[in-house]
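Report on the structure
Listed here are the chains, written in short residue letters.
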Amino acid sequence: MSVFDDPDLLLSEPNHIRDILVDALKGGYLSLFVGAGVSMSATQPPGQLFPSWPELVKRCCAQVGVAFDDSQSNDNRYLRRIAEEVEDVVKSKGGLFTDIVEQSLYSSCAIYDHRTLKADLLISLGSLVMSSLRGSVAAVVNYNFDDLLEWYLELHGFKVGIVSKTGELVPKSDVTIYHPHGFLPKTKKFLAHRTESVIFGERSYQRAVDDNVWNEIQRARFGSNICLFVGMSGDDPHVEQLFSTVHDQLKGSRILGVLLTKESPVSRQNEAHNKRRGVLNYYFSDYGDLPDFLLGLCRSAAELA
C-alpha cells in the first residue's frame, strides 16, 4: 500500500512525508510555494530586512495616518480589512496604493547585500531549483511582493523567468517564478515586471476569486504537482479556496502538498482542517531547522538518482 493511500500514516510518521517530497523532487513534480517567512529569514534576528505581514500593514497605516490596533495584529481578517482602509485613503487623495506598500516594504532595506544576508534558507531554496540529475522543482509560486529570491538566484548564475502579469511570455529559464499576488521589485532589471496592483486588502482578496487565469495557474500546480509550502502561515483564504477546489475534484485521491510550519497551538488546531483539504503539516521546533531539512531532500534525491 502506498503512503499516498493512508494520510493517517503520513501524519503519524513524518519520515513518510519526507519520502514523498524526495520522490516528488526526483520526479520533477515538486513545486515551491513561498511566503513572507522566506524573506524575513534573510536576517538574524528575522524581520530586520523585510517585515512580517502584520508589520507591513502597520507600516502602511502609519504612512497615511490610519490607526492600527496592535491587539489584533494576529487576526488576518483584521489585517486585510485595515489594509483595505489604507487603500481607500490613498485613492481618495489621488495616490497609488502600490507606492505606499512598496515604500513600507523596503523601508528597512536600502540595498541587497549578499555579504550581510543570513542566506541559509535562500541557499537551500536555490539548491532545490538547481538543475540536477536528482531532479529540481518544477516551478516556484511566490506570494511575496519583493524580489529577494529572484535577486539571490540570479546573483548565483540562475536564469530566472518571472510571471507577474497574466499574458506574459516566459523565455527559457532555469526556474520560473510566479507572483499571483503582485510584484514590487527593488532590482532594476526586474522593474518591467512590476504590477499595478497587489492582493493585500479585503476587496483585493475577494476580486482574486474571479481571476480565472491566475487561479488556473495555481490550481494546475495543485492538481499535477506535490506542493511544498515554505514561509507560509497556512491561513490564506484565497490559497485555501484553490487547493480545496482541487482536492474536491480529485475526490481526495492523494495529498496536494506539505506545509512546513512551527509547532504551536494554532498550527495543531489547523492540522485536521488542512488534512481534509489535502495539505499535511510537517512540524519544526525552530525555523532555523528548515535549511538543513530542505538540503536533506536534495541529498536524499541525489542518492536515488
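I will try to describe carefully the structure that is included in this document. In this text, all values refer to a predicted model and were calculated from it rather than measured experimentally.

Some remarks on the sheet that holds strand E4 (residues 175-178)
Strand order in this open sheet of seven strands is E3-E4-E2-E1-E5-E6-E7, and the pairing throughout is parallel. Each end of this open sheet is capped by a strand with a single partner; those strands are strand E3 (160-163) and strand E7 (279-284). The mean angle between the axes of side-by-side strands here comes to 25 degrees, regardless of whether they run parallel or antiparallel. Lying on the sheet, helix H12 (residues 265-275) is in contact with strand E6 (257-262) and E7; it crosses E7 at an angle near 155 degrees.

Let's talk about the pattern of salt bridges
A full pass over the atoms with the stated rule returns 16 salt bridges. A salt bridge links Arg268 to Glu263; the nearest nitrogen and oxygen atoms lie 2.9 Å apart. A relative accessible area of 41% places Arg268 in the partly exposed class. Residues joined in a network through salt bridges with shared partners are Glu84, Asp88 and Arg203.

What to know about the pairing of E3
Burial along E3 is two-sided: Val160 and Ile162 and Gly161 and Val163, pointing in opposite directions, are all buried. Bridge count for E3 against E4 is four bridges, and the pairing is parallel. From the neighbouring strand, Val163 faces E4, where its bridge partner is Tyr178.

Overview of the nonpolar core
By size, the foremost hydrophobic cluster in this structure holds 73 residues, and its most contacted members are Leu32, Val101, Val140, Phe200, Leu228, Leu260 and Leu294. When sequence neighbours within four positions are dropped, the list of residues in contact with Val101 reads Leu56, Cys60, Phe145, Leu184, Val198 and Phe200. In terms of nonpolar packing, the next biggest core, distinct from the first, is built from 18 residues, Val141, Val163, Trp214 and Leu242 among them.

Notes on the pairing of strand E1 (residues 30-34)
Counted residue by residue, E1 has five buried out of five residues, so it is predominantly covered. The two faces of E1 match: Leu30, Leu32 and Val34 on one face and Ser31 and Phe33 on the other face are all buried. Pairing geometry for E1 and strand E5 (residues 226-230), over five bridges, is parallel. Each residue of the ladder has a partner; that of Val34, found in E5, is Val230. In terms of strand pairing, E1 meets strand E2 (residues 139-142) through four bridges, oriented parallel. Following the sheet pairing, Leu32 is matched in E2 by Val140.

Things to note about the packing of helix H7 (residues 120-129) against helix H13 (residues 290-304)
With their axes 8 Å apart at the nearest point, H7 and H13 run at an angle of 15 degrees to one another. The orientation of H7 with respect to H13, classified from their angle, is roughly parallel. Viewed along their axes, H7 and H13 form a crossing whose handedness is left-handed. Each of Asp120, Leu121, Ser124, Leu125, Ser127 and Leu128 in H7 lies in contact with H13, whose residues at this interface are Leu290, Pro291, Leu294, Leu295 and Cys298. Its residues placed into classes, the contact of H7 with H13 shows eight nonpolar, two polar and one charged.

Description of helix H8 (residues 148-155)
Counting buried residues in H8 gives seven out of eight residues, a clear majority hidden from the surface. Every buried residue belonging to H8 is among Leu148, Leu149, Glu150, Trp151, Tyr152, Leu153 and Glu154, and all of these are buried. Looking at the packing, one finds that the buried side of H8 touches helix H3 (36-40), H7, E2, E3 and E4. Immediately beyond the C-terminal end of H8, within one or two residues, lies Gly157, with a positive phi of roughly 90 degrees.

Looking at the environment of Ile226
Among the structural elements, Ile226 can be located in strand E5. With relative accessibility at 2%, the residue Ile226 sits in the buried group. For the pair Ile226 and Ile20, spaced 206 residues apart in sequence, the C-alpha separation works out to 8.4 Å.

Re unusual backbone geometry
Most peptide bonds take the trans configuration, and most residues that are not glycine carry a negative phi. Within the chain, Lys251 stands out as a residue other than glycine whose phi angle is a positive 55 degrees. For Lys251, the position within the fold is in the loop between helix H11 (237-249) and E6.

Considering the side chain of Thr261
On the secondary structure map, Thr261 appears in strand E6. Apart from residues lying up to four places away in sequence, Thr261 is in contact with Ser267, Asn281, Tyr282, Tyr283, Phe284 and Tyr287.

A few points about the side chain of Glu150
Within the secondary structure layout, Glu150 lies in helix H8. Look at Glu150: it is buried, it has no salt bridge, and the nearest opposite charge is Lys189 at 11 Å. Not counting residues within four places of it along the chain, the set of residues in contact with Glu150 comprises Asn142, Val160, Ile162, Ile177, His179, Phe183 and Phe190.

Thresholds applied
Residues numbered from 1 in each chain as written. Predicted model: local features only at pLDDT ≥ 70, side-chain atom pairs only at ≥ 80, totals over all residues. Heavy atoms only, no water. Pairing = 2+ DSSP bridges. Helix = DSSP H or I, 4+ residues; strand = E, 2+ residues; numbered from the N terminus. Axes fitted to C-alpha atoms, helices over the stretch in contact; angles between N-to-C directions. Contact = heavy atoms within 4.5 Å. Salt bridge = Lys/Arg side-chain N within 4 Å of Asp/Glu carboxyl O. Buried < 20%, exposed > 50% of the residue type's maximum accessible area, 1.4 Å probe, protein only. Core = buried A, V, L, I, M, F, W, Y, C linked by side-chain atoms within 4.5 Å. Parallel < 35°, antiparallel > 145°, perpendicular 65-115°, else oblique. Left-handed = near helix turned anticlockwise from the far one by under 90°. Nonpolar A, V, L, I, M, F, W, Y, C, P; charged D, E, K, R; others polar. Lys, Arg positive; Asp, Glu negative; His and termini not counted.

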